[in-house]
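Letter by letter, the chains look like this.
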There are 2 protein chains.
Amino acid sequence: MIKTPYLLFLGDAHDQLAVKVAKGVRDWRPEYAIGQLRLPGCKGDLGLPDMTLDEAKEAGAETMIIGVANRGGLISESWKEIMLEALDKGFDLASGLHKLLRNDPVLAEKAGKLNRQLIDVRVPQHEYPIATGEKRSGKRCLAVGTDCSVGKMYTALAMEREMKKREMNVDFRATGQTGILITGEGVPLDAVAADFMAGSIEWLTPDNDDDHWDLIEGQGSLFHVSFSGVTLALIHGGQPDALVLCHEPTREHMRGIPGYKLPSLEALRDLSLEMAKIVNGNCKVTGISINTAALSDEEANEYLAEVESRMGLPTVDPYRHGAGRLVDALEEI
Amino acid sequence: MIKTPYLLFLGDAHDQLAVKVAKGVRDWRPEYAIGQLRLPGCKGDLGLPDMTLDEAKEAGAETMIIGVANRGGLISESWKEIMLEALDKGFDLASGLHKLLRNDPVLAEKAGKLNRQLIDVRVPQHEYPIATGEKRSGKRCLAVGTDCSVGKMYTALAMEREMKKREMNVDFRATGQTGILITGEGVPLDAVAADFMAGSIEWLTPDNDDDHWDLIEGQGSLFHVSFSGVTLALIHGGQPDALVLCHEPTREHMRGIPGYKLPSLEALRDLSLEMAKIVNGNCKVTGISINTAALSDEEANEYLAEVESRMGLPTVDPYRHGAGRLVDALEEI
């Protein structure tokens, strides 16, 4: 969908958090991250070579990724000049901003004239089918969470890296904007029309080799009332053989909805498995991924050990300890 | 959303099944159904007065409903002339066809010129919010099914009729095309973008009087892998106080997906209630609605008695026996 490799545009980012999409590309697809382009005053830095458009083109970059977010998801006027110049110099542009590139008349006109692509990863690029529920070949693993934003994408990408290291047959399947920008393809599930959600995930993870794993990026949570339907479509469309439970232990309520407490890992395990078994009777929960960023080393180790003994499942923070044990569990399926 | 009352356009329908949307209007909103307009060769008949456009306008009709479906959901060329004439004579047009009225250049141009509305009920007419999960006043009842197309809409409409007869404070809330055409408003949930599904149902069923009931039209089934996410969004967005279980006892597999058996009513009860309690701890299953159309009177009575004694809940076919006992159960909440 998006031509690689990339030049990562960091604009006039006012801090490092504003360039986290670009950081995702650098961390998980370093081979796509040719260089960075920063405007005067930019406070983001990925430690990549700073390049002009000409230098990046010379180095082989095909697409300039808008790797910076600002309040409101607008296309900042101060970015326009360089975006237009990038189109002139042969780049496509890709963005996850709320304001669509294609709806900017100046960008759209130039891209049309030069036959460049403006890729808005928030917008479905495909007409997805209605899900059939037919049994597919190959294997699929889905990360499910006690809440939104507990590390489901990170967990799947860390598992993918470990599986590639072991020369396993694997693909990470992006279902959100950041994942799509990182990997260059996927389904922006949050924007898919209700009737086609599960079908879009079947389309994303089709029949494959018997030893192949799709690692499907999770979204939302069955327990998050704003987005639970999206999560259930992922489970039923994804037809998973393995589920990995994801959790952030210091959160006091569900993200964005203060009246709602997080469920226990036991409740997540039971409800997710019950739902998955509707579509795949052999589905198993194979491991637990905990985001311990808010804990000290000692607290993290204690917490992980406690969960592991309580749940009887390999329990790790893939950021601190790698995803090896989560992958070991998949190798046993 | 749609101006009432209606003239029901039956076109050149080749059988009675092809006019079932119009029949829904006649059955459930007879006060909106001023008359029918049939083209030569029409095999559908609602038993309403046949009217010309002029007669219907004279009788007060505001909108001509395209109450006929054909293969592919196209706008038949043979309907065009009368549709254009209807616009000329002051009617709006409303349709649930797959092909949108607004995308027909001739219809769109005339409607624009005359300032008439072309209402395609398949298309969301509103920007819905993301669900907040905040506790709402008033009460809500949702029909959930072991499968798609087991009578959820019928059940809610029959309950609404009975509740109005008892002078209860009630609204039927449409979530599908037919329901929207019948009542003139609602949310076409199947076409809403994933992230806004639950929010659209919160929007549809806002805070209300303490004694008010919203009867929310159900969609899909938690057990139907193609559409389960839509159903879960209805449960979590709808925040129901009461659930009515719906079932068709002769179906051999889930609609459209032959590999999948229907769940038991017990499984439907348990999973639906578990899901509903995430958003409303006081939710109850209050009754069971069985579509016994395929059974004889005796078979139906036996089946209903067996289910009622097994499940311990009022069990009726509202078509055969009315919705009185389902409403009795709501009056006890």
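Residues numbered from 1 in each chain as written. Chains lettered and ligands numbered in written order. Predicted model: local features only at pLDDT ≥ 70, side-chain atom pairs only at ≥ 80, totals over all residues. Heavy atoms only, no water.

Draft legend 1. Representation of the overall build of chain A within the structure. Looking only at helices and strands, one finds 12 helices and 11 strands in chain A. Scaling as 2.2 N^0.38, a compact globule of 333 residues should have a C-alpha radius of gyration of about 20 Å, and chain A matches this with 20 Å. When its C-alpha atoms are laid out on the principal axes, chain A stretches across 55 × 45 × 45 Å. Burial analysis of chain A (333 residues in total) assigns 58% to the buried set. Across chain A, every contact between residues at least 6 apart in sequence was considered, and the portion connecting residues at least 24 apart equals 75%. (Helix = DSSP H or I, 4+ residues; strand = E, 2+ residues; numbered from the N terminus. Rg over C-alpha atoms; globule rule 2.2 N^0.38 Å. Buried < 20%, exposed > 50% of the residue type's maximum accessible area, 1.4 Å probe, protein only. Contact = heavy atoms within 4.5 Å.)

Draft legend 2. Geometry of the interface of chain B and chain A. On the chain A side, the residues contacting the 32 residues of chain B number 32 residues. Both faces considered, chain B and chain A share a buried interface measuring about 2,600 Å² in area, 63% of it formed by carbon and sulfur atoms. The largest contributions to the chain B side of the interface with chain A come from B:D195, B:V225 and B:I278, which together make up 20% of the buried area. Linking chain B with chain A are 0 salt bridges. Counting across the interface, chain B meets chain A through 12 residue pairs in polar contact (both at pLDDT 80 or more). Elements represented by at least two residues in the side of chain B that touches chain A include exactly α7 (197–204), α8 (228–238) and α9 (265–279) of chain B. Sort the elements by how many residues they give to the side of chain B that touches chain A and α8(B) lands first, with 6 residues. The class makeup of the residues in the side of chain B that touches chain A is 22 nonpolar, 7 polar and 3 charged. (Buried area = accessible area lost by both parts, 1.4 Å probe. Salt bridge = Lys/Arg side-chain N within 4 Å of Asp/Glu carboxyl O. Polar contact = N/O pair within 3.5 Å; in protein donor to acceptor, adjacent residues only side chain to side chain. Nonpolar A, V, L, I, M, F, W, Y, C, P; charged D, E, K, R; others polar.)

Draft legend 3. Main features of the packing of aromatic side chains. Evaluation of the coordinates by the stated rule reveals 10 aromatic pairs over all chains. Judged by centre distance (5.1 Å) and plane angle (80°), the ring pair of B:W28 and B:Y154 falls under edge-to-face. Here B:W28 is found in helix α1 (residues 20–28), whereas its partner B:Y154 is found in helix α5 (residues 152–165), with 126 residues between them in sequence. Consider the rings of B:Y128 and B:W203, whose centres lie 5.2 Å apart with planes at 70°: the pair is edge-to-face. Residue B:Y128 is found in the loop between β5 (118–120) and β6 (139–145), and its partner B:W203 is found in helix α7; the two are separated by 75 residues along the sequence. Taken together, the ring pairs in this structure connect A:W28, A:Y154 and A:Y319 into an aromatic cluster. Over the face of the ring belonging to A:F91 we find A:K57, whose NZ or CZ atom lies 4.8 Å from the ring centre. (Phe/Tyr/Trp six-rings, centres within 6.5 Å; stacked < 30°, edge-to-face > 60°. Lys NZ or Arg CZ within 6 Å of the ring centre and 35° of its normal.)

Draft legend 4. Seen up close, the relation of the copies chain B and chain A. Superposing chain B onto chain A takes a rotation of 180° combined with a translation of 0.0 Å along the rotation axis, leaving an RMSD of 0.0 Å. Viewed as a symmetry operation, the transformation between the two copies matches a two-fold axis. Both copies contact each other with a shared surface, as 100% of the interface residues of chain B are interface residues in chain A too. (Least-squares fit on C-alpha atoms with pLDDT ≥ 70 in both.)

Draft legend 5. Seen up close, the pairing of strand β3 (residues 63–66) of chain A. Residue and element names in this part refer to chain A. Burial of β3 is two-sided: the residues T63 and I65 facing one way and the residues M64 and I66 facing the other way are all buried. Here strand β1 (residues 6–11) pairs with β3 via 4 bridges, running parallel. In the strand pairing of β3, Y6 is matched with T63. One ladder, built from 3 bridges, connects β3 with strand β4 (residues 92–95); its direction is parallel. Pairing of I65 across the sheet is with A94, part of β4. (Pairing = 2+ DSSP bridges.)

Draft legend 6. How the structure looks around the side chain of B:K80. Residue and element names in this part refer to chain B. Looking at the secondary structure, you find K80 in helix α3 (residues 77–88). Accessibility expressed as a relative area gives 11% for K80, which makes it buried. Within polar-contact distance, the side chain of K80 engages the side chain of E77 at 3.1 Å.

Draft legend 7. View of unusual backbone geometry. Note that the residue after A:T4, namely A:P5, is joined by a cis bond; omega there is -5°. Unlike most non-glycine residues, B:S149 shows phi in positive territory, near 50°. Residue position: B:S149 is located in the loop between β6 and α5. Non-glycine residue B:Q239 carries a positive phi angle of around 50°. Mapping B:Q239 onto the fold places it in the loop between α8 and β9 (242–247).

Draft legend 8. Layout of the pattern of salt bridges. Residues and elements named next belong to chain B. Using the criterion set out here, one finds 52 salt bridges over all chains in the structure. E160 serves as the salt-bridge partner of R29, at 2.9 Å between the closest nitrogen and oxygen. One end of the pair, R29, is in the loop between α1 and β2 (33–38); the other, E160, is in helix α5, with 131 residues separating them in the sequence. Like E160, R29 is buried.

Draft legend 9. Seen up close, the packing of helix α8 (residues 228–238) of chain A against α8(B). At their nearest, the axes of α8(A) and α8(B) sit 7 Å apart, and the two run at 155° to each other. With respect to α8(B), the element α8(A) is oriented roughly antiparallel. Like other packed secondary-structure pairs, α8(A) and α8(B) cross with a definite hand, here right-handed. Along its contact with α8(A), which presents A:S228, A:G229, A:L232, A:A233 and A:H236, the element α8(B) presents B:S228, B:G229, B:L232, B:A233 and B:H236. Residue composition of the contact of α8(A) with α8(B), grouped by class: 4 nonpolar, 6 polar and no charged. (Axes fitted to C-alpha atoms, helices over the stretch in contact; angles between N-to-C directions. Parallel < 35°, antiparallel > 145°, perpendicular 65-115°, else oblique. Left-handed = near helix turned anticlockwise from the far one by under 90°.)

Coordinates in, geometry out; function isn't part of it.
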